[in-house]
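Below, each chain spelled out in residue letters.
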Amino acid sequence: MGFLDIFRQPKKKVVEKWKELGVYNATFSVFGNDAYNSAIVRASIRPLADFSAKAYATCPDKKLERMLNRRPNMYMSGHDFLMKVRTRMELLNTAFIYLQRNDAGEVVGAYPVPYAYFDALECAGRLFIKFYFASDAQRTITLPWEDLAAVRKDYNKSDIAGDDNNAIVSTLQTLQTVDEGLANSIKATANLRGILKSTKAMLSPEHIKAQKEEFVRDYMSLENASGIASLDSTQEFTPIDMKPATANYEQRKEIREDIYRYFGVNDSVIMGKLTTEELENFYKLRIEPFLQQLSVELTSKIYPGRAGAYDKNEIVYMSDVAQFMTMAQKIELFNKVVLYGGMLIDEWRKLIGLGHIEGGDKPIRRLDTAPVDVQNNKEGNDDATDGEDE
């Protein structure tokens, strides 16, 4: 079964373009066909996707929870599912997830739709999204809005999709021009090393070519170990020191920083050199909002109508910032939190990939941090004991 075969097509009826408020265009295209082929774009998006994919879903329906965390669809694990949704949201500013339902209306699968562009259509007063695919331009899929979860970024002009990424296109083009200019300058410098001039008059083209080839063969090849050339009075060699103009390091760095800022990352994020404080800020600014958005959207689409009125019917994607800590930071967490009763030993052991131990589900506390009433009682008992001794 192919990927597109999982979608159920609605019956053909009279269909027209969906009219948004403000008469906004209801046809949406993607952000540059080659944007993800850019190394710096891919490097900027990868940590966002990797960090987001560490989250896990919780909900009262344990069957649904297992499906979301283990195998949302036949192609992806829960980790891959989150990576793809986050990657497509960053690239396209709108990621659609098709919710596959059984005959009872229960969600049994979740598929990020790999569309190239889409149209918003109206049929019998309902909103439908018609998807087009880059691999097969002739094949389309039309799905009802009720079966689509949408996560968006830069949500401004349209009611349906986030704005496009044209704001960064010129910067990407500039970086590509700089890279191509550097490559061409290296080639040009390697191709022309000098001019060989002959003082003999009226040489034929064949003689000029023969002199050049003989000079290159004798003095500019690897066989000339001495690095010394010998010429008679009829020849003159003028070396050319070509220095093509290219962007310097600071200029290239500024271009890279513009792209990093657009995606909300920096060198420390990409290279994994964040401090504990930087990691916490990155999580709160770039990971947590995405997980909250995905949680709310899936909850509203999986539990529509009256089912959504129950507080317990909620899907929550959670990801503890402590998951991203180094081992040294986790040990520090144990000394500062676990030993003071703020965290169970089993909870801390789970962060380092270890299982339950006896007594790990009970809080512990250093002897010098007993509750005030316990400490007072102990001191009172000590005083009474001292009085009896006297």
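Here the structure is a predicted model, which means the values were calculated and not measured. (Residues numbered from 1 in each chain as written. Predicted model: local features only at pLDDT ≥ 70, side-chain atom pairs only at ≥ 80, totals over all residues. Heavy atoms only, no water.)

Draft legend 1. Quick peek at the overall build of the chain. Across its full length, the chain holds 11 helices and 12 strands. Going through the 390 residues of the chain one by one, you find that 36% of them count as buried. Counted over contacts in the chain with a minimum sequence separation of 6, partners at least 24 positions apart contribute 62%. Here the chain has roughly 24100 Å² of accessible surface; of this, 52% comes from carbon and sulfur atoms. (Helix = DSSP H or I, 4+ residues; strand = E, 2+ residues; numbered from the N terminus. Buried < 20%, exposed > 50% of the residue type's maximum accessible area, 1.4 Å probe, protein only. Contact = heavy atoms within 4.5 Å. Areas by Shrake-Rupley, 256 points an atom, 1.4 Å probe, with all protein chains shown as cover.)

Draft legend 2. Focus on the packing of helix H1 (residues 39-52) against helix H8 (residues 276-302). Contact geometry of H1 with H8 gives a least axis separation of 10 Å together with a crossing angle of 75 degrees. By the angle between their directions, the pair H1 and H8 is classed as roughly perpendicular. Contacts from Leu48, Phe51 and Ser52 in H1 reach Leu279, Phe282, Arg286, Ile287, Phe290 and Leu291 in H8. (Axes fitted to C-alpha atoms, helices over the stretch in contact; angles between N-to-C directions. Parallel < 35°, antiparallel > 145°, perpendicular 65-115°, else oblique.)

Draft legend 3. Structural detail: the pattern of salt bridges. Inspection of every chain in the model, using the stated rule, returns 11 salt bridges. Ionic pairing is found between Lys301 and Glu297, a salt bridge with its closest N-O pair at 3.5 Å. Pair noted here: Lys301 and Glu297 are both in helix H8, with a separation of four residues, about one helical turn. Residue Lys301 shares its accessibility class with Glu297, and that shared class is buried. As a salt-bridge pair, Glu332 and Lys336 come within 2.9 Å of each other at their nearest N and O atoms. Taken together, the residues span about one helical turn, with Glu332 and Lys336 both in helix H9 (residues 327-336) at a distance of four residues. Here the salt bridges do not stand alone but share partners, grouping Arg86, Glu90, Lys153 and Arg286 into one network. (Salt bridge = Lys/Arg side-chain N within 4 Å of Asp/Glu carboxyl O.)

Draft legend 4. Structural detail: the packing of aromatic side chains. Following the criterion strictly, the structure yields 10 aromatic pairs and no others. When the ring of Tyr115 is compared with that of Phe118, the centres are 5.3 Å apart and the planes differ by 85 degrees; the resulting orientation is edge-to-face. Each ring, one from Phe118 and one from Phe131, has its centre 6.1 Å from the other, and the planes form 55 degrees; the classification is tilted. Of this pair, Phe118 sits in strand E6 (residues 117-123) while Phe131 sits in strand E7 (residues 126-133), and the two are 13 residues apart along the sequence. Of the two residues, Phe118 and Phe131, neither departs from the other in class, the shared state being buried. Within the aromatic cluster, the residues linked to one another by ring pairs are Phe96, Tyr115, Phe118, Phe131 and Trp145. Seen from the ring of Phe51, Lys54 lies directly overhead, with NZ or CZ sitting 5.7 Å from the centre. Of note, Arg152 hangs over the ring of Tyr155, and the distance from its end group to the ring centre comes to 4.4 Å. (Phe/Tyr/Trp six-rings, centres within 6.5 Å; stacked < 30°, edge-to-face > 60°. Lys NZ or Arg CZ within 6 Å of the ring centre and 35° of its normal.)

Draft legend 5. Examining the sheet that holds strand E5 (residues 107-112) more closely. In space, the three strands of this open sheet follow the order E5-E4-E9, with antiparallel pairing throughout. Here the strands that pair on one side only, and so sit at the sheet edges, are E5 and strand E9 (148-152). Neighbour-to-neighbour, the strand axes of the sheet open up by a mean angle of 20 degrees, direction not taken into account. Pairing of strand E4 (residues 94-101) with E5, which is carried by five bridges, proceeds in the antiparallel orientation. Looking at the pairing, Ile97 lines up with Pro112 of E5. Its contacts with the sheet place helix H3 (residues 78-92) against E4, E5 and E9, and it is angled at close to 140 degrees to E4. (Pairing = 2+ DSSP bridges.)

Draft legend 6. Summary view of the side chain of Ser44. Here Ser44 is to be found in helix H1. Taking the relative accessible area as the measure of exposure, Ser44 reaches 0% and is therefore buried. Among residues more than four places away in sequence, those in contact with Ser44 are Ile259, Tyr260, Phe263, Val265 and Ile270.

Draft legend 7. How the structure looks around the side chain of Thr171. Turning to its location among the elements, Thr171 is positioned in helix H4 (residues 169-191). Setting aside residues no more than four positions away along its own chain, Thr171 makes contact with Ile255, Asp258 and Ile259.

Draft legend 8. Layout of the pairing of E7. Counting buried residues along E7, six of its eight residues qualify, which places the element largely inside the surrounding structure. Alignment of E6 against E7, held across seven bridges, turns out to be antiparallel. Note on E7: the bridge partner recorded for Tyr117 is Tyr132. In this structure, the hairpin formed by E6 and E7 is closed by a connection of two residues, where Ala124 is found at a positive phi of approximately 55 degrees.

Draft legend 9. Seen up close, unusual backbone geometry. Phi at Ala124 takes a positive value of approximately 55 degrees, unusual for a residue other than glycine. Its place among the elements puts Ala124 in the loop between E6 and E7. With phi around 50 degrees, Asp154 is a residue other than glycine that occupies positive phi space. Inspection of the secondary structure puts Asp154 in the loop between E9 and H4. Judged by relative accessible area, Asp154 falls into the partly exposed class, the value being 40%.

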